[in-house]
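Observations on the three-dimensional arrangement
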Amino acid sequence: MLKLAVLVSGGGTNLQAIMDAIDKGAITGARIQTVISNNADAYALERARKYGAEALLLAPRDFENREAFHQALLNALLERQIDLVVLAGYLVVVPPAVIRAFENRIINIHPSLIPSFCGTGCYGLHVHEKALARGVKVSGATVHFVDEGTDTGPIILQKPVAVKDDDTPEILQRRIMEEAEWVILPKAIDLIAAGKVHVNGRKVTIDQ
Ligand code: GRF
(Lines give C-alpha, C1' and ligand atoms only; values in the text may rest on other atoms or scores of the structure.)
Protein backbone atom coordinates (compact mmCIF):
# COMPACT_ATOMS: atom_id res chain seq x y z
CA MET A 1 0.00 0.00 0.00
CA LEU A 2 1.65 3.25 -1.19
CA LYS A 3 1.78 5.89 1.54
CA LEU A 4 0.96 9.33 0.11
CA ALA A 5 1.83 12.77 1.44
CA VAL A 6 -0.31 15.40 -0.29
CA LEU A 7 1.14 18.93 -0.08
CA VAL A 8 -1.34 21.76 -0.41
CA SER A 9 -1.62 25.53 -0.07
CA GLY A 10 -5.16 26.41 -1.12
CA GLY A 11 -8.69 25.16 -1.59
CA GLY A 12 -7.74 21.49 -1.96
CA THR A 13 -10.01 20.47 -4.85
CA ASN A 14 -7.23 18.25 -6.21
CA LEU A 15 -6.81 16.73 -2.75
CA GLN A 16 -10.56 16.14 -2.71
CA ALA A 17 -10.35 14.43 -6.11
CA ILE A 18 -7.70 12.07 -4.70
CA MET A 19 -9.76 11.30 -1.60
CA ASP A 20 -12.88 10.70 -3.70
CA ALA A 21 -10.95 8.44 -6.09
CA ILE A 22 -9.66 6.35 -3.17
CA ASP A 23 -13.14 6.09 -1.67
CA LYS A 24 -14.72 4.96 -4.95
CA GLY A 25 -11.93 2.54 -5.80
CA ALA A 26 -10.53 4.54 -8.72
CA ILE A 27 -7.23 4.58 -6.84
CA THR A 28 -6.22 1.21 -5.42
CA GLY A 29 -2.95 0.45 -3.69
CA ALA A 30 -2.45 3.91 -2.19
CA ARG A 31 -3.68 5.77 0.86
CA ILE A 32 -3.21 9.29 2.19
CA GLN A 33 -0.80 9.13 5.14
CA THR A 34 -0.68 12.89 5.67
CA VAL A 35 -1.71 16.24 4.22
CA ILE A 36 0.85 19.01 4.70
CA SER A 37 0.28 22.72 4.13
CA ASN A 38 2.36 25.88 4.51
CA ASN A 39 -0.88 27.85 4.97
CA ALA A 40 -2.91 27.56 8.17
CA ASP A 41 -5.94 28.97 6.35
CA ALA A 42 -5.85 26.48 3.49
CA TYR A 43 -9.28 24.92 3.17
CA ALA A 44 -7.44 21.81 2.01
CA LEU A 45 -6.50 21.21 5.66
CA GLU A 46 -10.19 21.29 6.58
CA ARG A 47 -10.88 18.73 3.84
CA ALA A 48 -8.14 16.53 5.29
CA ARG A 49 -9.59 16.74 8.80
CA LYS A 50 -13.09 15.87 7.53
CA TYR A 51 -11.61 12.90 5.68
CA GLY A 52 -9.82 11.74 8.83
CA ALA A 53 -6.30 12.23 7.49
CA GLU A 54 -3.50 13.95 9.39
CA ALA A 55 -3.53 17.69 8.62
CA LEU A 56 -0.02 18.99 9.29
CA LEU A 57 0.91 22.66 9.19
CA LEU A 58 4.53 23.36 8.32
CA ALA A 59 4.76 27.09 7.67
CA PRO A 60 8.15 28.62 6.81
CA ARG A 61 7.48 31.59 9.07
CA ASP A 62 7.19 29.26 12.07
CA PHE A 63 10.85 28.32 11.71
CA GLU A 64 13.91 30.36 12.60
CA ASN A 65 15.19 30.14 9.04
CA ARG A 66 14.50 28.51 5.70
CA GLU A 67 16.96 25.69 6.34
CA ALA A 68 15.12 24.71 9.51
CA PHE A 69 11.84 24.64 7.56
CA HIS A 70 13.42 22.48 4.85
CA GLN A 71 14.71 20.04 7.46
CA ALA A 72 11.31 19.86 9.17
CA LEU A 73 9.59 19.09 5.87
CA LEU A 74 12.09 16.37 4.98
CA ASN A 75 11.86 14.86 8.46
CA ALA A 76 8.05 14.84 8.33
CA LEU A 77 8.16 12.84 5.10
CA LEU A 78 10.88 10.43 6.25
CA GLU A 79 9.36 9.81 9.69
CA ARG A 80 6.07 8.83 8.04
CA GLN A 81 7.87 6.57 5.57
CA ILE A 82 6.13 8.35 2.70
CA ASP A 83 6.37 6.55 -0.66
CA LEU A 84 4.97 9.24 -2.96
CA VAL A 85 4.75 13.00 -2.45
CA VAL A 86 1.88 14.67 -4.34
CA LEU A 87 2.03 18.44 -4.88
CA ALA A 88 -1.59 19.55 -5.23
CA GLY A 89 -1.45 23.31 -5.46
CA TYR A 90 1.58 23.56 -3.15
CA LEU A 91 3.05 27.03 -3.60
CA VAL A 92 6.32 26.54 -1.74
CA VAL A 93 9.49 25.63 -3.66
CA VAL A 94 10.34 22.03 -2.78
CA PRO A 95 13.76 21.96 -1.09
CA PRO A 96 16.57 20.25 -3.08
CA ALA A 97 17.16 17.89 -0.12
CA VAL A 98 13.57 16.63 -0.46
CA ILE A 99 13.91 16.27 -4.24
CA ARG A 100 17.09 14.25 -3.80
CA ALA A 101 15.56 12.02 -1.10
CA PHE A 102 12.46 11.39 -3.26
CA GLU A 103 13.89 11.12 -6.78
CA ASN A 104 11.02 10.37 -9.17
CA ARG A 105 8.72 10.00 -6.15
CA ILE A 106 7.30 13.54 -6.17
CA ILE A 107 4.55 14.44 -8.64
CA ASN A 108 2.92 17.78 -9.41
CA ILE A 109 -0.27 18.83 -11.16
CA HIS A 110 0.16 21.87 -13.41
CA PRO A 111 -2.82 23.58 -15.08
CA SER A 112 -1.43 23.76 -18.63
CA LEU A 113 0.02 21.48 -21.30
CA ILE A 114 3.69 21.73 -20.34
CA PRO A 115 5.96 23.14 -21.82
CA SER A 116 3.38 25.86 -22.48
CA PHE A 117 2.63 28.40 -19.75
CA CYS A 118 4.83 26.97 -17.02
CA GLY A 119 7.93 27.87 -15.05
CA THR A 120 8.61 30.62 -12.56
CA GLY A 121 5.62 32.86 -11.92
CA CYS A 122 3.25 30.57 -13.83
CA TYR A 123 0.81 29.35 -11.20
CA GLY A 124 -2.88 29.62 -10.42
CA LEU A 125 -4.81 32.12 -12.55
CA HIS A 126 -1.61 33.52 -14.12
CA VAL A 127 -1.39 30.33 -16.20
CA HIS A 128 -4.85 30.84 -17.67
CA GLU A 129 -4.36 34.57 -18.18
CA LYS A 130 -1.28 33.77 -20.29
CA ALA A 131 -3.11 31.06 -22.25
CA LEU A 132 -5.98 33.40 -23.08
CA ALA A 133 -3.61 36.25 -23.93
CA ARG A 134 -1.75 33.94 -26.35
CA GLY A 135 -5.02 32.90 -27.95
CA VAL A 136 -4.48 29.15 -27.71
CA LYS A 137 -7.42 27.00 -28.80
CA VAL A 138 -6.44 24.13 -26.53
CA SER A 139 -5.03 24.16 -23.02
CA GLY A 140 -5.24 21.47 -20.35
CA ALA A 141 -3.30 19.97 -17.45
CA THR A 142 -0.11 18.00 -16.89
CA VAL A 143 1.05 15.63 -14.18
CA HIS A 144 4.83 15.39 -14.04
CA PHE A 145 7.61 14.19 -11.79
CA VAL A 146 9.28 16.99 -9.87
CA ASP A 147 12.98 17.63 -10.39
CA GLU A 148 15.06 20.58 -9.24
CA GLY A 149 13.67 22.83 -11.94
CA THR A 150 10.26 24.53 -12.06
CA ASP A 151 7.73 22.36 -13.91
CA THR A 152 10.63 20.70 -15.79
CA GLY A 153 10.38 17.07 -14.63
CA PRO A 154 9.41 14.09 -16.83
CA ILE A 155 5.77 14.23 -17.96
CA ILE A 156 3.51 11.40 -16.80
CA LEU A 157 0.02 12.31 -18.09
CA GLN A 158 -1.56 15.22 -19.96
CA LYS A 159 -5.18 15.96 -20.83
CA PRO A 160 -6.29 18.64 -23.31
CA VAL A 161 -9.20 20.98 -22.71
CA ALA A 162 -10.80 23.20 -25.37
CA VAL A 163 -10.56 26.96 -24.86
CA LYS A 164 -13.76 28.85 -25.72
CA ASP A 165 -13.94 32.32 -27.23
CA ASP A 166 -15.73 33.82 -24.24
CA ASP A 167 -13.58 32.19 -21.58
CA THR A 168 -12.32 34.26 -18.69
CA PRO A 169 -9.31 33.04 -16.71
CA GLU A 170 -11.65 31.89 -13.96
CA ILE A 171 -13.94 29.96 -16.32
CA LEU A 172 -11.01 28.32 -18.08
CA GLN A 173 -9.38 27.43 -14.73
CA ARG A 174 -12.54 25.76 -13.53
CA ARG A 175 -13.02 23.77 -16.76
CA ILE A 176 -9.39 22.57 -16.69
CA MET A 177 -9.76 21.53 -13.06
CA GLU A 178 -13.02 19.66 -13.68
CA GLU A 179 -12.16 18.07 -17.02
CA ALA A 180 -8.43 17.49 -16.61
CA GLU A 181 -6.77 18.00 -13.21
CA TRP A 182 -9.25 16.04 -11.15
CA VAL A 183 -9.02 13.19 -13.71
CA ILE A 184 -5.30 12.81 -14.43
CA LEU A 185 -3.91 13.39 -10.93
CA PRO A 186 -5.82 10.47 -9.38
CA LYS A 187 -5.10 8.41 -12.51
CA ALA A 188 -1.36 9.07 -12.23
CA ILE A 189 -1.37 8.02 -8.57
CA ASP A 190 -3.23 4.81 -9.39
CA LEU A 191 -0.81 3.98 -12.22
CA ILE A 192 2.23 4.65 -10.02
CA ALA A 193 0.76 2.55 -7.20
CA ALA A 194 0.28 -0.27 -9.69
CA GLY A 195 3.95 -0.06 -10.73
CA LYS A 196 2.95 0.82 -14.28
CA VAL A 197 4.94 4.06 -14.59
CA HIS A 198 8.56 3.88 -15.74
CA VAL A 199 10.99 6.78 -16.06
CA ASN A 200 13.69 6.52 -18.71
CA GLY A 201 15.72 9.70 -18.55
CA ARG A 202 13.29 12.45 -19.61
CA LYS A 203 10.73 10.02 -20.96
CA VAL A 204 7.95 8.28 -19.03
CA THR A 205 6.37 5.09 -20.31
CA ILE A 206 3.18 3.58 -18.89
CA ASP A 207 2.30 -0.11 -19.08
CA GLN A 208 -1.05 -0.58 -20.84
C1 GRF B 1 -4.84 23.96 -9.29
O2 GRF B 1 -5.28 24.81 -10.32
C3 GRF B 1 -3.58 23.27 -9.72
O4 GRF B 1 -3.48 23.06 -11.10
C5 GRF B 1 -2.52 24.22 -9.31
O6 GRF B 1 -2.97 24.85 -8.13
C7 GRF B 1 -4.38 24.76 -8.08
C8 GRF B 1 -4.71 24.04 -6.80
O9 GRF B 1 -6.06 24.05 -6.62
N10 GRF B 1 -1.27 23.50 -9.09
P11 GRF B 1 -6.65 23.19 -5.39
O12 GRF B 1 -6.00 23.69 -4.13
O13 GRF B 1 -6.31 21.75 -5.65
O14 GRF B 1 -8.13 23.45 -5.46
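Residues numbered from 1 in each chain as written. Predicted model: local features only at pLDDT ≥ 70, side-chain atom pairs only at ≥ 80, totals over all residues. Heavy atoms only, no water.

**Here we look at the overall build of the chain**
Of regular secondary structure, the chain possesses 6 helices and 9 strands. By the compact-globule yardstick of 17 Å for 208 residues, the chain fits well, its C-alpha radius of gyration being 16 Å. Across its three principal directions, the C-alpha atoms of the chain cover 50 × 40 × 35 Å. Out of the 208 residues belonging to the chain, those deemed buried represent 49%. Put simply, of all contacts in the chain between residues at least 6 apart along the chain, 63% involve residues at least 24 apart. When the accessible surface of the chain is summed, it comes to about 10000 Å², and 50% of that surface belongs to carbon and sulfur atoms. Of the side-chain charges in the chain, 22 are positive and 24 negative, and the distance between the mean point of each set is 4 Å. (Helix = DSSP H or I, 4+ residues; strand = E, 2+ residues; numbered from the N terminus. Rg over C-alpha atoms; globule rule 2.2 N^0.38 Å. Buried < 20%, exposed > 50% of the residue type's maximum accessible area, 1.4 Å probe, protein only. Contact = heavy atoms within 4.5 Å. Areas by Shrake-Rupley, 256 points an atom, 1.4 Å probe, with all protein chains shown as cover. Lys, Arg positive; Asp, Glu negative; His and termini not counted. Charge placed at Lys NZ, Arg CZ, Asp CG, Glu CD.)

**Describing the packing of aromatic side chains**
Under the counting rule described, the total for this entry stands at 1 aromatic pair. Between phenylalanine 63 and phenylalanine 69, the ring centres sit 5.9 Å apart and the planes meet at 55°, which makes this aromatic pair tilted. (Phe/Tyr/Trp six-rings, centres within 6.5 Å; stacked < 30°, edge-to-face > 60°.)

**Regarding helix 2 (residues 43–51)**
Taken together, the buried positions of helix 2 are Ala44, Leu45, Arg47 and Ala48. Down the axis of helix 2, the sector holding all buried residues measures 155°, keeping them to one side. Looking at the buried side of helix 2, the elements it contacts are strand 1 (2–8), helix 1 (13–23), strand 2 (30–37) and strand 3 (54–57). Following helix 2 by one or two positions, glycine 52 has its phi on the positive side, about 95°. (Arc of directions from axis to C-beta.)

**Re the pairing of strand 5 (residues 106–110)**
The buried count for strand 5 comes to 5 of 5 residues, which makes it a mostly enclosed element. Every second residue of strand 5 is oriented toward a common face, with Ile106, Asn108 and His110 on one face and Ile107 and Ile109 on the other, all of them buried. Two strands pair when backbone bridges link them, and strand 4 (residues 84–87) and strand 5 are joined in this way by 3 bridges, in the parallel orientation. The residue bridging valine 86 from the neighbouring strand is isoleucine 107, located in strand 5. Assessed by its sense of winding, the connection that carries the chain from strand 4 through helix 4 (residues 96–101) to strand 5 is right-handed. (Pairing = 2+ DSSP bridges. Right-handed = clockwise from strand over helix to strand, strands pointing away.)

**Remarks on the sheet that holds strand 5**
Spatially, 7 strands are ordered 3-2-1-4-5-6-7 in an open sheet, and the strand pairing comes out mixed. Edge positions in the sheet fall to strand 3 and strand 7 (155–162), since each of these pairs with one other strand and no more. Here the average twist between neighbouring strands, direction ignored, is 20°. In the sheet, strand 2 pairs with strand 3 via 4 bridges, with the strands oriented parallel. From the neighbouring strand, serine 37 faces strand 3, where its bridge partner is leucine 57. In the packing of helix 6 (residues 169–193) onto the sheet, the strands contacted are strand 1, strand 2, strand 4, strand 5, strand 6 (138–145) and strand 7, and the crossing angle to strand 7 comes to about 155°. (Axes fitted to C-alpha atoms, helices over the stretch in contact; angles between N-to-C directions.)

**Considering the domain arrangement of the chain**
We note that the domain assignment places domain 1 (1–102) and domain 2 (108–208) within the chain. On a C-alpha basis, the centres of domain 1 and domain 2 stand 19 Å from each other. The interface is formed by 21 residues belonging to domain 1 together with 15 residues belonging to domain 2. Summed over both sides, the interface between domain 1 and domain 2 buries roughly 1500 Å², with carbon and sulfur atoms accounting for 70% of that surface. Ranking the residues of domain 1 by area buried against domain 2 places Asn14, Leu87 and Ile99 at the top, with a combined share of 33%. Summed over the shared surface of domain 1 and domain 2, the result is 1 salt bridge. Between arginine 100 and glutamate 148 there is a salt bridge; the shortest N-O distance is 3.9 Å. In this structure, the connection of domain 1 to domain 2 is made through 4 residue pairs in polar contact (both at pLDDT 80 or more). (Domains from an automatic or database assignment. Buried area = accessible area lost by both parts, 1.4 Å probe. Salt bridge = Lys/Arg side-chain N within 4 Å of Asp/Glu carboxyl O. Polar contact = N/O pair within 3.5 Å; in protein donor to acceptor, adjacent residues only side chain to side chain.)

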